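Here is how the chains run, residue by residue.
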Amino acid sequence: MADALALKGVTRRLGNFALGPLNLEVPRGSVTALIGPNGAGKTTTLDLALGLGAPDGGTIEVVGLAMPADEVAIKRKVAYVNPDLNYQPWGRVGRALNFLRKFYPDWDDAACERLLADFGLERGQKIAALSFGARIKLSLVAAFSRDAELLLLDEPTTGLDVNAKLRLFGLILDFVKREDRAVVISSHQLADLERVADQVAIIDKGRLVIFERMDRLVARFIQMDARLATGGALPKLDGVKALARDGERLRLLLDLDSASREQLAAHGLEPLSETPLTLEEIFLALVAPEAR
Amino acid sequence: MTPRGLLRFGPISPAAAGPLYEQIVNAVKREIAAGRLSPGEALPSVRALATELLVSLITIKRAYEELERAGIIYSRQGLGTFVADNGAEEIRRARREQARRAMAQAVRDGRAAGLSDKDLIDWLWKEL
């Protein structure tokens, strides 16, 4: 079965911002986290996958269909959540849902009622009077009421209380119980993503920094404090990034796929201590500027 | 109703010691060793347990792989994952081995601290 999402050499220029060339293959039956600093290109990437804007170069395939040629078919199979979705023109929660229901043939009425109750929304509520978090809940209800193959969730945890957030992660894991489905979620809640996502794609300044299985990523990167006995410049070594430096003492990010402890010793680096890192710490270290 | 796996294999928390998959491995071992999971009994599917414990599929898969490698559980394509006939025995064997290694380490530490063999034996007696 084709990947849920396949980007090949995708580029997109928006003012000063340049995305790509981006290559990314999101497998089915799993949850992929898309993380990056603000302005890194996460939303641009998700929007391109949904045909909101066209790439300047490269090809995009979604659930095995080509964008933009099969755009309508793709939109039938993909659900999308973004804090900017605006349902206000429909006035009330029920009217917005009734509209969406007619739009999507895969709509499930029973699921919709369950989700409304779960998220504490009522059909009679005025959308304009909803809190920011409640508006996200409405777009989550709309997305999960469908029998989509791919869920694109852009910052779906924004403004959600802890209960609603847990409910959302439960829904995400429930969604991928079917192996032909996939979820791509961008969020700044890295501790939550570390727990529920199977893969992680880190984007920085429009480029894919790393795409890795979550458990492998956490095993691959460690932080090491070391002494550079020579006191000179840190030699350029594969898989070694200096995060901080104070005289001869250095704090390093090591990618154990390419860096080895023996290699460090050969360059006059004496290890002092090692610590494993959380996803959040690895992310911060990867996008931090290098200290030399 | 509380989902079945939640109380049986939880809580799985980043605040507890060890990676999440290891916490699940230990929870399954605990259930088997205590006889609350019997040989041949089915474990929850990877996807069902992921939903119940709110952890990624990868985490559950890794825990099950680890348990399978240790001979504690086995999986049958399309049927599911089950407790191995000698699962409880494998856990007891692993625990004995762990205790033996801890004792060997204690002896090495004791000698490094300058304790005589007699001191070490006296201390062991006190613990007993």
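In case you missed it, the structure is sitting above this.
Worth saying up front: this structure is predicted, and the values here are computed from it rather than measured. (Residues numbered from 1 in each chain as written. Chains lettered and ligands numbered in written order. Predicted model: local features only at pLDDT ≥ 70, side-chain atom pairs only at ≥ 80, totals over all residues.)

A. Quick look at the sheet that holds strand β12 (residues 240-246) of chain A. Residue and element names in this part refer to chain A. Spatially, the 4 strands line up as an open sheet ordered β12-β13-β11-β14, and their pairing is antiparallel. The outermost strands of the open sheet, each flanked by one partner alone, are β12 and β14 (269-276). Neighbour to neighbour, the strand axes of the sheet diverge by 25° on average, direction disregarded. Bridging between β12 and strand β13 (residues 249-255) involves 6 bridges; their strand directions are antiparallel. Bridged to K241 within β13 is L253. (Pairing = 2+ DSSP bridges. Helix = DSSP H or I, 4+ residues; strand = E, 2+ residues; numbered from the N terminus. Axes fitted to C-alpha atoms, helices over the stretch in contact; angles between N-to-C directions.)

B. Seen up close, the packing of helix α2 (residues 20-33) of chain B against helix α5 (residues 87-112) of chain B. Residues and elements named next belong to chain B. Close contact between α2 and α5 brings their axes to 9 Å; oriented N to C, the two are set at 110°. Looking at the two axes, α2 sits roughly perpendicular to α5. Viewed along their axes, α2 and α5 form a crossing whose handedness is left-handed. Contact residues: α2 offers K29, I32 and A33, while α5 offers G87, A88 and I91. Each residue belonging to the contact of α2 with α5 can be placed in one class, and the counts come to 4 nonpolar, 1 polar and 1 charged. (Parallel < 35°, antiparallel > 145°, perpendicular 65-115°, else oblique. Left-handed = near helix turned anticlockwise from the far one by under 90°. Contact = placed C-beta atoms within 7 Å. Nonpolar A, V, L, I, M, F, W, Y, C, P; charged D, E, K, R; others polar.)

C. Highlighting the nonpolar core. Residues and elements named next belong to chain A. L5, V78, L150, L152, I172, V183 and V184 are the most contacted members of the largest nonpolar core, which totals 108 residues. In terms of residue count, helix α5 (residues 132-144) provides more of this core than any other element does, 7 residues in total. Leaving out residues up to four positions away in the same chain, V184 has contacts with L5, V26, T32, L34, L46, L152 and L153. (Core = buried A, V, L, I, M, F, W, Y, C linked by C-beta atoms within 7 Å. Buried ≥ 20, exposed ≤ 12 C-beta atoms within 10 Å, placed from the backbone.)

D. Looking closely at the sheet that holds strand β5 (residues 65-67) of chain A. All names here are of chain A. Taken in spatial order, the 4 strands of this open sheet run β2-β1-β4-β5, and their pairing is antiparallel. Taken across any chain shown, the strands that pair with only one partner, and hence form the sheet edges, are β2 (17-26) and β5. Shown here is a sheet whose adjacent strand axes are inclined to one another by a mean of 30°, direction ignored. Here helix α1 (residues 42-49) sits on the sheet and contacts β1 (5-14), β2 and β4 (57-62); the angle it forms with β1, its principal contact strand, is near 120°.

E. Representation of the interface of chain A and chain B in the model. The interface is formed by 17 residues belonging to chain A together with 11 residues belonging to chain B. Breaking the side of chain A that touches chain B down by element, the ones donating at least two residues are β3 (30-35), α6 (162-175), α7 (190-196) and α8 (214-220) of chain A. With 5 residues, the single largest contributor to the side of chain A that touches chain B is α6(A).

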